[in-house]
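Notes for the structure review
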Amino acid sequence: MRSTTPRAALRRAAGGFAAAGLLAAGSLALTAPAEAAVPEFTLGGPAETALHPYPATGAPQKASLDFTVNNPSEDEENGAFQGEYTVRFDLSGIKGVADVAFDKEASSDCTVTGTSAVCHDWGIFPGLSTLAELDVTAAKGSANGDTGAIEVTAEADGATFTSFTARIGVGGPDLSMERLPFRTELEPGDTQPVPVTFTNNGTRAADGLLLTLRYTRGMEFTERYQNCEYSESDLGMGSPGAWTTALCAFDGSYEPGVAYTLAEPPAIRATRRAFYDSFLYRIEEGGSAARAARRAGARFSPGKGATLALHKAPAALTADLDPSDNQQDVDFRTTNTADFEAYGARAKGAAGDSVAVKVGFRSNGPAWIGNIRSGEDVATVDVTVPEGASVVSKPDLCRGVTADGEYRENQTGAPRYFCSTPMSVREDADFALPFELKITEVVEGASGKVVVRNTSLRDPEPAFDPEPANNTASLVLNAKDSGTGDPGATTGDGDAGSGGSSSTGATTGSTGPTGSTGGPGDSGGSASGATGGSAGSSSTGDATGGDSGGGLAATGSVALPAGAAGAVALVAGGILFTVSRRRAVR
């Protein structure tokens, strides 16, 4: 009888309950269901692993290999495979090259016999799951450069599996990036060199290199090099162009025991939109697989400047033996500000009418604002509903609270709404929030407020904002000057509120700069987004001159759908470190 791990026992128990439920349901059926298609699952794991050579003294250094199975079903409730399956590992290809042992906590019901291993388990749930974890070390007597492979297959009644091959080698390059002594307190326009330097501490030469340079929106390199290609993306920060990634390829052989540096260090500059920014630099062996992995899911365009070159440093200092030291990163703080200007709206209607309004704020720059490490919202838009009106539709980014800002269960009809921003806001952003209000009672000149503030009520003024007077605007219903004609019509002008300048509430077109000066990385660009909420149906038409779709402006839109990614990984391949998004008290 084979042993049972806690994980396997739980899965079998779950399977028993599921089977019981299916039988109970089946007893009521009059006809048998149509036969379902046989599911196909894909086995996976690390394609290549380099092992430290067997040492002359002491224990060998182990590498951990996670083998996985992917269930492509997107049906979380009904997409699981409910049955036993067997996974087989053919270890004959690594005999004399590497030794393996199964991690007992991560691997269920696995046994090794000679040059083969077998694992048993139950249930394959939608998505990626761990099959087993192997601890692998170089075998005693193995030599630098020895290679082999582990073949992984699986079988089950009622399912098929795509096999997987994991290649194992002894020795390899070990590229270690030197941390650079950057100045981190900057002024806009400050420029400093980036003399990237690294060492191959491994046992063989690296065949070609790939240098990744990734930097946030406030920084730029003064030149774009012809052996580099560039891409811009938000990487989950909610702002188009929040990150620029440069992939720079270098041909040739880079020897072990030698340090290399850039022949002519490029220069990085704080642009006029810089505020809080990050820069990471990573080196790895530059095969086609590495390039494909870094380019996945992004559009890259080539640079047109000089060629970025490497040469040996003055003093010596396919899979990497220790990838953890391939990358360094740095944060910059630039003396700068960003003016967030709130805008409200005016609407008119009779009792029982619904009116659509858009409120929010614009960033007048010059800085972009990104909470890169904390992942927290940049700001909160605080909306107080005018007297005589009730909210019947709101953006998903907004939550209803009591008049004092306390928790409220019912999200419609609240007297006040706190609306979240993403973790970054561009310097040209227009953050528009569509609401649908029902006029329950006509109150002439009823006025609510729209305030853009810090996420904490205890400290409402954003520290980066030099103009707090325009952080408040008015949301007015049935004002005397709301216009003439159809009493249900709404005006096209927002209200900047006390002390603020008037601004339109419309969200079509660009209200900020469409570009910026300073260099090749400082383009404004435009992108579209949506608030994730619907303005709903309205008997009176749109307010504030905005578009009727209830979305954000086409230029500099910053909204994320509700539940969107609240974490950013500063990555150049795998996850190097992750920023967890924490919600502050609002």
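Residues numbered from 1 in each chain as written. Predicted model: local features only at pLDDT ≥ 70, side-chain atom pairs only at ≥ 80, totals over all residues. Heavy atoms only, no water.

1. Thoughts on the overall build of the chain
Tallying secondary structure elements over the chain gives two helices and 39 strands in all. Each of the 586 residues in the chain was classed as buried or not, and the buried ones make up 52%. Surface accessibility of the chain: about 25600 Å² in total, with carbon and sulfur atoms responsible for 52%. (Helix = DSSP H or I, 4+ residues; strand = E, 2+ residues; numbered from the N terminus. Buried < 20%, exposed > 50% of the residue type's maximum accessible area, 1.4 Å probe, protein only. Areas by Shrake-Rupley, 256 points an atom, 1.4 Å probe, with all protein chains shown as cover.)

2. With respect to the nonpolar core
Core analysis: the largest hydrophobic core is formed by 44 residues, its most contacted members being Phe340, Tyr417, Leu433 and Phe435. Top element by residues in this core is strand β35 (residues 430-439). It accounts for five residues. (Core = buried A, V, L, I, M, F, W, Y, C linked by side-chain atoms within 4.5 Å.)

3. Quick look at the sheet that holds strand β37 (residues 472-477)
The strands that make up a sheet are held in pairs by hydrogen bonds between backbone atoms, and each pair lies either parallel or antiparallel. Taken in spatial order, the six strands make up an open sheet running β27-β37-β36-β30-β33-β32, and their pairing is mixed. The open sheet has two edge strands, β27 (345-347) and β32 (398-401), and neither has a second partner. This sheet shows a mean twist of 20 degrees between the axes of neighbouring strands, independent of strand direction. Here four bridges tie β32 to strand β33 (residues 416-420), and the two strands are oriented antiparallel to one another. For arginine 399, the partnering residue across the bridge sits in β33 and is phenylalanine 418. (Pairing = 2+ DSSP bridges. Axes fitted to C-alpha atoms, helices over the stretch in contact; angles between N-to-C directions.)

4. Points about the side chain of asparagine 471
Looking at the element boundaries, asparagine 471 is found in the loop between β36 (446-453) and β37. Among the polar contacts made by the side chain of asparagine 471, one reaches the side chain of aspartate 465 at a distance of 3.4 Å. When residues no more than four places from it in sequence are discounted, the contact partners of asparagine 471 are Phe340, Ala342, Val450, Val451, Val452, Pro462 and Asp465. (Polar contact = N/O pair within 3.5 Å; in protein donor to acceptor, adjacent residues only side chain to side chain. Contact = heavy atoms within 4.5 Å.)

5. Quick look at the state of the cysteines
The tally for this structure, following the rule as stated, stands at three disulfides. Each sulfur of the disulfide joining cysteine 110 and cysteine 119 lies 2.0 Å from the other. In this structure the cystine formed by cysteine 110 and cysteine 119 twists about its S-S bond by roughly 115 degrees; its chirality is therefore right-handed. Neither residue differs from the other here; cysteine 110 and cysteine 119 are each classed as buried. Each disulfide pairs two cysteine sulfurs, and for cysteine 228 the partner residue is cysteine 248, the sulfurs being separated by 2.0 Å. Measuring handedness by torsion sign, the sulfur bridge of cysteine 228 and cysteine 248 sits at about 110 degrees and is right-handed. (Disulfide = S-S within 2.5 Å.)

6. What to know about the pairing of strand β20 (residues 259-262)
Taking every second residue as pointing to the same face, both faces of β20 are buried, with Ala259 and Thr261 on one and Tyr260 and Leu262 on the other. Alignment of β20 against strand β24 (residues 310-312), held across three bridges, turns out to be antiparallel. Counted as the bridge partner of leucine 262 is leucine 310 from β24.

7. A look at the pattern of salt bridges
Scanning the model with the defined rule gives 16 salt bridges in all. One salt bridge connects arginine 183 with aspartate 190, and the closest N-O pair in it is separated by 3.8 Å. With a closest N to O distance of 3.8 Å, arginine 273 and glutamate 427 form a salt bridge. We classify glutamate 427 as buried; its relative accessible area is 5%. Among the charged side chains, a network of salt bridges with common partners joins Arg217, Arg273 and Glu427. (Salt bridge = Lys/Arg side-chain N within 4 Å of Asp/Glu carboxyl O.)

8. A few points about the environment of glutamate 84
Mapped onto the elements of the fold, glutamate 84 is located in strand β4 (residues 81-90). The spacing of glutamate 84 and histidine 120 is 36 residues in sequence and 7.3 Å in space, taken between C-alpha atoms.

9. Here's the deal with the confidence of the model for the chain
Averaged over every residue, the pLDDT of the chain is 79; residues scoring 70 or more account for 72%. Taken together, the stretch residues 1-32 has pLDDT below 50 and engages in 32 contacts with residues farther than four places along the chain or on a different chain. Low pLDDT (under 50) marks residues 482-586, which in the prediction has 304 contacts with non-local residues, meaning those over four places away or in another chain. (pLDDT = per-residue confidence, 0-100.)

10. A word on the pairing of β33
Extensive coverage of β33 is indicated by the burial of five of its five residues. Going residue by residue along β33, you find Arg416, Phe418 and Ser420 tucked away on one face and Tyr417 and Cys419 tucked away on the opposite face as well. Sheet topology note: the strand β30 (residues 380-384)/β33 ladder contains five bridges and is antiparallel. Of the residues in β33, the one forming a bridge with aspartate 382 is phenylalanine 418.

11. Thoughts on unusual backbone geometry
Cis geometry marks the peptide bond from glycine 365 to proline 366; its omega dihedral reads 5 degrees. Within the element layout of this structure, proline 366 appears in strand β28 (residues 354-366). A positive phi is found at leucine 235, a non-glycine position, where the angle reads about 50 degrees. Here leucine 235 lies in the loop between β18 (228-233) and β19 (243-254).

12. Focus: the sheet that holds β4
Reading across the sheet, the six strands line up as β2-β11-β9-β4-β7-β6 and stay open at both edges, with mixed pairing between neighbours. The strands lining the two open edges of the sheet, one partner per strand, are β2 (48-51) and β6 (110-113). Here the strands of the sheet are splayed against their neighbours by 20 degrees on average, with no regard to which way each runs. Direction of pairing for strand β9 (residues 147-155) relative to strand β11 (residues 164-170): antiparallel, over a ladder of six bridges. Residue pairing across strands places threonine 147 opposite glycine 169, the latter belonging to β11.

13. Comments concerning the packing of aromatic side chains
For the structure shown, the criterion picks out 19 aromatic pairs. On the basis of an interplanar angle of 80 degrees and a centroid distance of 5.7 Å, the ring pair of phenylalanine 182 and phenylalanine 332 is categorised as edge-to-face. Across the pair, phenylalanine 332 and phenylalanine 182 agree in class, each one buried. Members of the aromatic cluster, each reached through a chain of ring pairs, are Phe182, Tyr215, Phe221, Phe279, Tyr281 and Phe332. The ring of tyrosine 230 carries the charged tip of arginine 224 above its face, separated from the ring centre by 4.5 Å. Stacked on the ring of phenylalanine 418, the Lys or Arg arginine 453 has its end atom at 4.7 Å from the ring centre. (Phe/Tyr/Trp six-rings, centres within 6.5 Å; stacked < 30°, edge-to-face > 60°. Lys NZ or Arg CZ within 6 Å of the ring centre and 35° of its normal.)

14. Here we look at the environment of isoleucine 94
As for its position among the elements, isoleucine 94 is in the loop between β4 and β5 (98-102). Under the relative-accessibility criterion, isoleucine 94 is labelled buried at 2%.

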